[in-house]
Amino acid sequence: MADPTRQVIDLYGGAVVPAAQGVTVRDAAKLRSAATDRLVWQAVFGSGDEREAARWLLWELGQVTGARPASINELYLARGRGDIGGFTVPAMNVRVMAYDTARAIFRAARGGKAGAIILEIARSEIAYTEQRPAEYVSVMIGAALREGYTFPLFIQGDHCQVNHKKYQADSEGEVGEVKKLIAEEIGAGFYNVDVDTSTLVDLSHSTLEEQQRANYERAAEITAFIRSQEPPGVTVSVGAEIGEVGMKNSTVEELHAFMQGYNRSLSALGKLEGISKISVQTGTSHGGVVLPDGSIADVKLDLKALEALSKVAREQYGLAGAVQHGASTLPSNAFGNFPRIETAEIHLATNFQNIVFDHPRLPADLKQRIRTWLDENAASERKSGDTEEQFYYKARKKAIGPFKRELWGLSEDIRTAIAADLERTFAFLFEQLNVNGTTDHINRIVQAPLQHHAALKPVLVAAADDPDAGE
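Residues numbered from 1 in each chain as written. Predicted model: local features only at pLDDT ≥ 70, side-chain atom pairs only at ≥ 80, totals over all residues. Heavy atoms only, no water.

S.K.: Teacher, can you tell me more about the pairing of strand 10 (residues 345–348) here?
M.R.: Two faces belong to every sheet, and in a regular strand the side chains alternate between them. Side chains of strand 10 alternate between two faces, with Glu 345 and His 347 and Ile 346 and Leu 348 buried alike. In this structure, strand 3 (residues 89–93) lies alongside strand 10, joined through 4 bridges in parallel fashion. Bridge pairing links Met 92 to Leu 348 in strand 10. Of the strand pairs in this sheet, strand 9 (residues 322–324) and strand 10 are connected by 2 bridges, and their pairing is parallel. (Buried < 20%, exposed > 50% of the residue type's maximum accessible area, 1.4 Å probe, protein only. Helix = DSSP H or I, 4+ residues; strand = E, 2+ residues; numbered from the N terminus. Pairing = 2+ DSSP bridges.)

What follows is the structure, encoded as structure tokens:
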């Protein structure tokens with residue numbers, strides 16, 4: 001056995017031993033120790049063979065314990081049939097202090113037996129948080145192991161978005177970059193992918209079909225590509241989007257125009273599984289609208305439209321329902337509405353980032369150095385008329401990657417305090433969204449086939465980073 005592989009196994013002091021293709025765990029309690037912290041650190045900040053050995057072991061430990069990357073597709077199709085319902089799946093973008101944040105998610109999930117949860121990262125976030133898919137999967141598995149979470153992990157590529165400006169300059173090249181990213185994600189263990197070609201909707205056309213045409217044709221094309229990349233035994237859950245977040249609110253008529261065109265386009269490409277959910281725009285925006293004092297403006301969320309869109313998506317197209325983006329900065333009393341109106345999924349990101357950046361235990365000198373870095377490196381984010389607070393609020397996500405090692409390396413007492421507040425937030429959301437207890441659905445419906453790390457198909461050339469393509 002190669003030295004780096006033996007060294008990572010030895011971190012567990014005999015509790016993990018080599019097996020024919022993977023490993024055997026003799027003492028599962030040791031996985032919930034600081035040995036896993038060291039293993040995850042090496043998987044992120046190590047180099048060469050040592051990093052790859054750590055990622056290999058994390059994957060194999062996930063396979064042994066049940067914390068395996070999996071597709072939520074079958075659960076969503078069951079919802080489309082009306083077999084289950086009454087909950088809204090939180091899709092959480094883990095950006096900053098990813099290991100500590102994910103550990104907080106899994107503690108809350110384990111406490112409430114919440115299995116219908118998604119961990120995701122968008123095309124833009126991969127760039128500015130400096131988390132390529134293989135790293136992200138390793139960290140999510142490691143966090144699950146550390147917290148004793150043994151259910152399938154639904155890891156999602158959020159906003160695999162076609163950049164409209166780049167598409168106008170080179171349509172095939174830009175779609176090709178999105179496909180490259182998706183191949184990298186699936187090859188790393190992302191078995192849930194949100195295709196975002198909503199940037200191609202052209203409202204200048206007189207008919208809804210023509211407005212949505214480029215959107216549904218490219219979405220079908222990318223769906224077919226995804227099907228060609230799936231590993232044996234996995235049907236990737238694919239989502240599409242009919243309205244760009246932050247733009248015009250979606251309508252039922254637009255949903256029909258998209259779905260009818262998408263289904264025709266996909267059928268022309270072969271007998272292929274289609275999407276399982278549809279993202280819509282009903283009044284939110286990514287990150288919220290920040291006011292001059294740094295506070296967030298109230299959101300005018302159209303719940304009636306969201307309910308109608310979800311109902312049509314389920315009853316007429318067999319989808320899980322509609323997906324709501326940009327929800328994390330909503331007021332706390334809003335979240336209970338989503339399961340009540342049968343929203344399939346909501347995407348949550350910015351508020352978790354805010355908890356970290358605004359935490360009273362985050363060192364003041366670190367906060368100031370981040371601001372100084374933003375002044376020097378993110379000046380293009382500053383809009384005419386922005387106050388200092390508006391600029392820093394909108395731009396600070398761009399500092400996550402450059403300060404990643406320092407944030408991960410904060411003292412244990414600081415990270416514990418921040419993680420405790422994150423955990424309380426996740427526990428509240430899981431309760432409000434009614435996903436506590438959904439491990440029963442997962443055990444009954446979801447199949448997560450055993451897949452050894454050697455069977456993964458990592459790509460040789462990664463997609464080009466695009467920090468501006470969705471979030």
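S.K.: What am I meant to see in the layout of surface pockets here?
M.R.: The probe, sized like a water molecule, is rolled over the atoms to show the empty space still left. Considering only enclosed or pocket space, the second largest pocket measures out at about 470 Å³ in volume. As for the second largest pocket, its lining consists of 21 residues, of which Glu 52, Arg 55, Ala 134, Ala 188 and Pro 458 are closest to the centre. Among the elements that line the lining of the second largest pocket, the one with the most residues is helix 7 (residues 133–146), at 5 residues. In terms of residue class, the lining of the second largest pocket is built from 12 nonpolar, 3 polar and 6 charged. (1 Å grid on protein atoms, 1.4 Å probe; cavity = no way out; pocket = protein on both sides within 12 Å on 5 of 7 lines; lining within 4 Å. Points joined across faces, edges and corners; volume = space filled by probe spheres on them. Nonpolar A, V, L, I, M, F, W, Y, C, P; charged D, E, K, R; others polar.)

S.K.: Help me out: how do you make sense of the sheet that holds strand 10 in this one?
M.R.: Paired through backbone hydrogen bonds, the strands of a sheet run either parallel or antiparallel to each other. Spatially, the 8 strands close up into a barrel ordered 3-4-5-6-7-8-9-10, and their pairing is parallel. Strand after strand, the sheet turns through a mean of 25° between neighbouring axes, direction not considered. As defined by bridge partners, strand 5 (residues 154–161) adjoins strand 6 (residues 192–196) across 4 bridges and the pair is classed as parallel. Residue pairing for strand 6: Gln 161 is matched across the bridge by Asp 196. Across the sheet, helix 7 touches strand 3, strand 4 (118–122) and strand 5, and the angle it forms with strand 4 is around 155°. (Axes fitted to C-alpha atoms, helices over the stretch in contact; angles between N-to-C directions. Contact = heavy atoms within 4.5 Å.)

S.K.: Looking at this structure, how should I read the packing of aromatic side chains?
M.R.: Ring pairs (aromatic) are described by centroid distance and by the angle formed between their planes. In the structure shown here, the tally under the stated rule is 13 aromatic pairs. Each ring, one from Trp 41 and one from Trp 408, has its centre 6.4 Å from the other, and the planes form 65°; the classification is edge-to-face. Remark: Trp 408 occurs in helix 17 (residues 404–408) and Trp 41 occurs in helix 2 (residues 34–45); sequence separation between them is 367 residues. Residue classification places Trp 41 among the partly exposed residues on the basis of a relative accessible area of 31%. Residue Trp 408 is classed as buried on the basis of its relative accessible area, which comes to 8%. Here a set of aromatic residues connected by ring pairs shows up, and it is made of Trp 41, Phe 45, Tyr 99 and Trp 408. The cationic tip of Arg 79 hangs over the ring face of Phe 87; the distance from NZ or CZ to the ring centre is 4.8 Å. Directly above the ring of Phe 391 sits Arg 382, whose terminal nitrogen or CZ lies 3.9 Å from the centroid. (Phe/Tyr/Trp six-rings, centres within 6.5 Å; stacked < 30°, edge-to-face > 60°. Lys NZ or Arg CZ within 6 Å of the ring centre and 35° of its normal.)

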